[in-house]
Amino acid sequence: MRTTSIINLKGGVAKTITAANMAHILATVHNKKVLLIDNDKQGNSSKLYNLHSYDRQGVADILTTRNPCMEEIIIPTQYENLNLIPCNMTLLKANLQVMLDTTRPQQTRFKTALRSIASNYDYCIIDNAPDINISTINALVASDDIIIPIKIDKFAFDGLAELKEQIDNTKEDLNPELNLKGCLITSYQNNDVNRQGEEWLKNQKEYPVFNTHIRRTEKVDESTFAAMPILEYSKRSGAALDYIKLVEEYLGK
Ligand SMILES: Nc1ncnc2c1ncn2[C@@H]1O[C@H](COP(=O)(O)OP(=O)(O)OP(=O)(O)O)[C@@H](O)[C@H]1O
Ligand SMILES: [Mg+2]
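Residues numbered from 1 in each chain as written. Chains lettered and ligands numbered in written order. Predicted model: local features only at pLDDT ≥ 70, side-chain atom pairs only at ≥ 80, totals over all residues. Heavy atoms only, no water.

## Points about the overall build of the protein
Within the protein, the secondary structure is distributed over 12 helices and seven strands. Principal-axis analysis of the C-alpha atoms gives the protein an extent of 55 × 40 × 30 Å. Buried residues in the protein amount to 54% of all 253 residues. When contacts within the protein are restricted to residue pairs at least 6 apart in sequence, those whose partners lie at least 24 apart make up 79%. (Helix = DSSP H or I, 4+ residues; strand = E, 2+ residues; numbered from the N terminus. Buried < 20%, exposed > 50% of the residue type's maximum accessible area, 1.4 Å probe, protein only. Contact = heavy atoms within 4.5 Å.)

What follows is the structure, encoded as structure tokens:
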């Protein structure tokens, strides 16, 4: 199982849209066995798959339970080959609880839990919160790759240095194999700001950047209301075509 964290300290940059749609495309277009982990108390990935609830277990239980029952925590989505670990506001308390519990390792709880089910999946995609906390650190420790979605605006690069530092620290201390696969330009519009921002990003050397960018398409907003992956909601939309291209680039890299 290859695990990829979708992460950025900035909010609203399309982390959830990217994670939820990459997972869907890997499962339905490429026939891969995929596990999507919603690692954000907002539960947006869970909501996009109509699986947000307070009546079942989720990510919080992996963090706080000594031997979490992964068979109960992982739930199927309505799409073949695609399962989900859901999340809700209970993650807030779980994060605090982990910080107070020093009786066992705090940063490797995802890694240990995922190891037990790794042979059931080809890919695991983790949708992270716009934050660095103990659950995002758990995600980084459990990941092979990182994708950083970026929406080009005045604040696009805020927090990037802090995120890079966190990635480097995780790499050094806990996960030497961790690999920054690339920044992904999302909500791309064909205007001067976006063209110049993309050019700048592709010319700098510190962060790798995906060739594919994701076009801004109103259909994406609509797909969140319909609670459907973009490929199901509007398969000919620019964003759907771009996410298909992105997954091809991701698989080929
Ligand atoms: N390609 C796109 N075209 C148009 N709108 C988009 C696109 N990608 C994302 N959006 C919209 O941008 C908003 C933010 O997207 P999303 O929720 O994925 O961001 P996020 O980084 O996960 O946010 P948060 O930090 O709150 O978790 C949503 O309203 C979504 O519909
Ligand atoms: Mg999100």
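That shown, we press on.
## Thoughts on unusual backbone geometry
Trans peptide bonds make up the majority, and among non-glycine residues the majority have a negative phi. Even without glycine at this site, Asn31 takes up a positive phi of about 55 degrees. Of note, Asn31 is situated in the loop between helix 1 (15-28) and strand 2 (34-39). A relative accessible area of 59% means that Asn31 is categorised as exposed. For Ala227, which is not glycine, the phi torsion reads 55 degrees and is therefore positive. By secondary structure assignment, the location of Ala227 is in the loop between helix 10 (218-226) and helix 11 (230-233).

## Details of the packing of aromatic side chains
Counted under the stated rule, the structure contains three aromatic pairs. When the centroid spacing of 5.9 Å and the interplanar angle of 55 degrees are considered together, the rings of Tyr123 and Tyr250 count as tilted. Of this pair, Tyr123 sits in strand 5 (residues 123-128) while Tyr250 sits in helix 12 (residues 238-252), placing them 127 residues apart in sequence. (Phe/Tyr/Trp six-rings, centres within 6.5 Å; stacked < 30°, edge-to-face > 60°.)

## Things to note about the site of ligand 1
For ligand 1, the set of nearby residues contains 18 residues, the closest of which are Lys15, Thr16, Ile17, Thr217 and Asp221. Within the backbone of Ala14, an N or O atom sits 3.0 Å from an oxygen atom of ligand 1. Put simply, the parts of the chain that give the shell around ligand 1 at least two residues each are helix 1 and helix 10. Its residues assigned to classes, the shell around ligand 1 shows six nonpolar, seven polar and five charged. (Near = heavy atom within 4 Å. Polar contact = N/O pair within 3.5 Å; in protein donor to acceptor, adjacent residues only side chain to side chain. Nonpolar A, V, L, I, M, F, W, Y, C, P; charged D, E, K, R; others polar.)

## Some remarks on the sheet that holds strand 4 (residues 82-85)
Taken in spatial order, the seven strands of this open sheet run 3-4-2-5-1-6-7, and their pairing is mixed. The strands lining the two open edges of the sheet, one partner per strand, are strand 3 (75-76) and strand 7 (179-186). Across the face of the sheet, helix 8 (residues 160-173) comes into contact with strand 6 (145-151) and strand 7 while running at roughly 175 degrees to strand 6. (Pairing = 2+ DSSP bridges. Axes fitted to C-alpha atoms, helices over the stretch in contact; angles between N-to-C directions.)

## Structural notes on helix 9 (residues 192-203)
Taking 1.5 Å as the rise per residue, helix 9 with 12 residues should run 16 Å; its terminal C-alpha atoms sit 16 Å apart, in good agreement. Inspection of helix 9 places Asn194, Gly197, Glu198 and Leu201 among the buried residues, and these make up the whole buried set. Buried residues along helix 9 cover an arc of 100 degrees about the axis, so they all sit on one side. Every exposed residue of helix 9 that faces more than 90 degrees away from the buried side is listed here: Gln196, Glu199 and Asn203. On its buried face, helix 9 sits against strand 6 and strand 7. (Expected span 1.5 Å × (residues − 1). Arc of directions from axis to C-beta.)

## What to know about the side chain of Lys15
In this fold, Lys15 is placed in helix 1. One buried charge, Lys15, has no salt-bridge partner; the nearest side chain with opposite charge is Asp40, at 6.3 Å. A polar contact of 2.8 Å, which involves the side chain of Lys15, links it to the backbone oxygen of Lys10. Residues in contact with Lys15, not counting those within four places in the same chain, are Ile6, Ile7, Asn8, Lys10, Asp127, Asn128, Ala129, Pro130 and Pro149. (Lys, Arg positive; Asp, Glu negative; His and termini not counted. Salt bridge = Lys/Arg side-chain N within 4 Å of Asp/Glu carboxyl O.)

## As for the UniProt feature "domain: AAA" (unreviewed entry) in the protein
Within this numbering scheme, the UniProt entry marks residues 1-179 as carrying the feature "domain: AAA" (unreviewed entry). This span, residues 1-179, is 39% helix and 17% strand, and a straight line between its end C-alpha atoms measures 15 Å. (UniProt positions renumbered as here; feature names shortened; annotations may be inferred.)

## So, the environment of Glu198
Here Glu198 shows up in helix 9. In this structure Glu198 comes out as buried when scored by relative accessible area, which is 11%. Excluding anything up to four places from it in sequence, Glu198 contacts Ile152, Ile185, Tyr188 and His213. Side-chain polar atoms of Glu198 contact the side chain of His213, separated by 2.9 Å.

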